Amino acid sequence: MSTFHEHAVPPRTPVPGRAQPADRGRRRGAGKRFLVVGDVLDGILVHTTADAMGLHDPAATIRHRAVGAGGNTATWLGWLGAEVDLVARVGVDDVHRHERGLEDARVRPHIRYDARASTGTEVSVRNRNGRTAMSDPAAAGLLSAADVPPDLVARADIVHLTGAGMLSGGGVDRLAELVACARSGPARVSLDPSSPSVVRALGAPAFLEALAGVDVLFPGREETLALTGAADLREGVRRLTEHVPLVVVTVGADGAVVGRPGRSPQRVAATPATVVDTLGAGDAFAAGFLRAWATDPVRIGSAAREGGRVAARALGFVGGRPPV
């Protein structure tokens, strides 16, 4: 049995005498409304010195955090002062906990839950060699276009679709339905493929066909190559612009590559950052880019630099979301 559950978030009213964060004063994206549809998960984040199976590390740092690409992007938009709604699905026992966390981050949550599905979980293990992530989407994998209230789509200026569990669950038909739902209102539509495993699960040709109507795509390097079969990134970006009018590829410490039809790909340098944890940095980039692009869709390079600035802030925190 599926039930819709949501709480209203009080309107933003500055507290007299309290200094507001510098980022809150930025007017980029002011007056625009964002709708994020995607994953909200429980995360188990492990930082270990172990570098092989079978080793025991009694000094590992293990943290529990709310994660998921949808929640990450929405909370960074809220941190930037944007008006943002989030549609997600979690287990019935976790609705109020996730609602409270999202509301604290200035996000309006619209949470679906199903008594037969638990909240999805992601386990992220990092050591000196890199990161390995494992996820069980559970309830997030059941999220569909039917869960998205039409009035939210009608009011949104930008609808952002993201989350490996949501995008891979239900196959390419569900992806196409989500895009069609996002396009049913006046909003521009953005999509983050989230993982090369999503592309492989759905098949690159079917995935590209389902993107019809998407205005901006946020793949990483691996998603770009998986979607296009290209041997190098620039060629992959060029091929993606045959399907989507604006492609913004995040490439970690190398920044981002922006692609538009008929133009050479544009490299945008990364903002220098102290790296504590890379989890969620791409979601933060999307939030920064979308907030700037919402007001000025022409200055793409400027929007990409704003995305890089927000991503650099995300790299300084564990877990992919801003502190609240």
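Draft legend 1. Main features of the packing of aromatic side chains. Scanning the entire structure with this criterion turns up 6 aromatic pairs. Relative to Trp79, the ring of Trp76 lies with its centre 5.0 Å away and its plane at 80°, an arrangement referred to as edge-to-face. Taken together, the positions of Trp76 and Trp79, both in helix α1 (residues 69-79) and 3 residues apart, correspond to about one turn of that helix. Seen from their ring centres, Phe289 and Trp293 are 6.2 Å apart, and the 35° between their planes marks the pair as tilted. Within this pair, Phe289 and its partner Trp293 are both found in helix α10 (residues 281-295), separated by 4 residues, close to a single helical turn. For the pair Phe289 and Trp293, a shared accessibility class is recorded, and that class is buried. Looking at Arg188, its charged tip hangs above the ring of Trp293, at a distance of 4.3 Å from the centre.

Draft legend 2. The packing of α10 against helix α11 (residues 300-314), seen in detail. Closest axis-to-axis distance for the α10/α11 pair is 7 Å, and the angle between their directions is 140°. Like other packed secondary-structure pairs, α10 and α11 cross with a definite hand, here right-handed. Residues Ala281, Ala284, Phe285, Gly288, Phe289, Ala292 and Trp293 of α10 lie in contact with α11, whose contacting residues are Ile300, Ala303, Ala304, Glu306, Gly307, Gly308, Val310, Ala311 and Ala314. By residue class, the composition of the contact of α10 with α11 is 12 nonpolar, 3 polar and 1 charged.

Draft legend 3. Main features of the packing of α1 against α10. α10 packs onto α1 with a crossing angle of 45° between their chain directions and a minimal axis gap of 8 Å. On the basis of the axis angle, α1 is oblique to α10. For the crossing formed where α1 meets α10, the hand is right-handed. Contact residues: Ala69, Asn72, Thr73, Trp76 and Leu77 in α1; Asp283, Ala284, Ala287 and Arg291 in α10. Residues of the contact of α1 with α10, tallied by class, amount to 5 nonpolar, 2 polar and 2 charged.

Draft legend 4. Region of the structure containing the sheet that holds strand β3 (residues 41-47). Strand order across the open sheet formed by 4 strands is β4-β3-β7-β8, with mixed pairing between neighbours. Pairing within the sheet leaves two strands with one partner each, and these edge strands are β4 (61-67) and β8 (130-136). Neighbouring strand axes in the sheet, compared pairwise and without regard to direction, differ in orientation by 15° on average. The pairing of β3 with strand β7 (residues 121-127) spans 6 bridges and is parallel. What sits directly across from Asp42, in β7, is Thr121.

How each quantity is defined
Residues numbered from 1 in each chain as written. Predicted model: local features only at pLDDT ≥ 70, side-chain atom pairs only at ≥ 80, totals over all residues. Heavy atoms only, no water. Phe/Tyr/Trp six-rings, centres within 6.5 Å; stacked < 30°, edge-to-face > 60°. Helix = DSSP H or I, 4+ residues; strand = E, 2+ residues; numbered from the N terminus. Buried < 20%, exposed > 50% of the residue type's maximum accessible area, 1.4 Å probe, protein only. Lys NZ or Arg CZ within 6 Å of the ring centre and 35° of its normal. Axes fitted to C-alpha atoms, helices over the stretch in contact; angles between N-to-C directions. Left-handed = near helix turned anticlockwise from the far one by under 90°. Contact = heavy atoms within 4.5 Å. Nonpolar A, V, L, I, M, F, W, Y, C, P; charged D, E, K, R; others polar. Parallel < 35°, antiparallel > 145°, perpendicular 65-115°, else oblique. Pairing = 2+ DSSP bridges.

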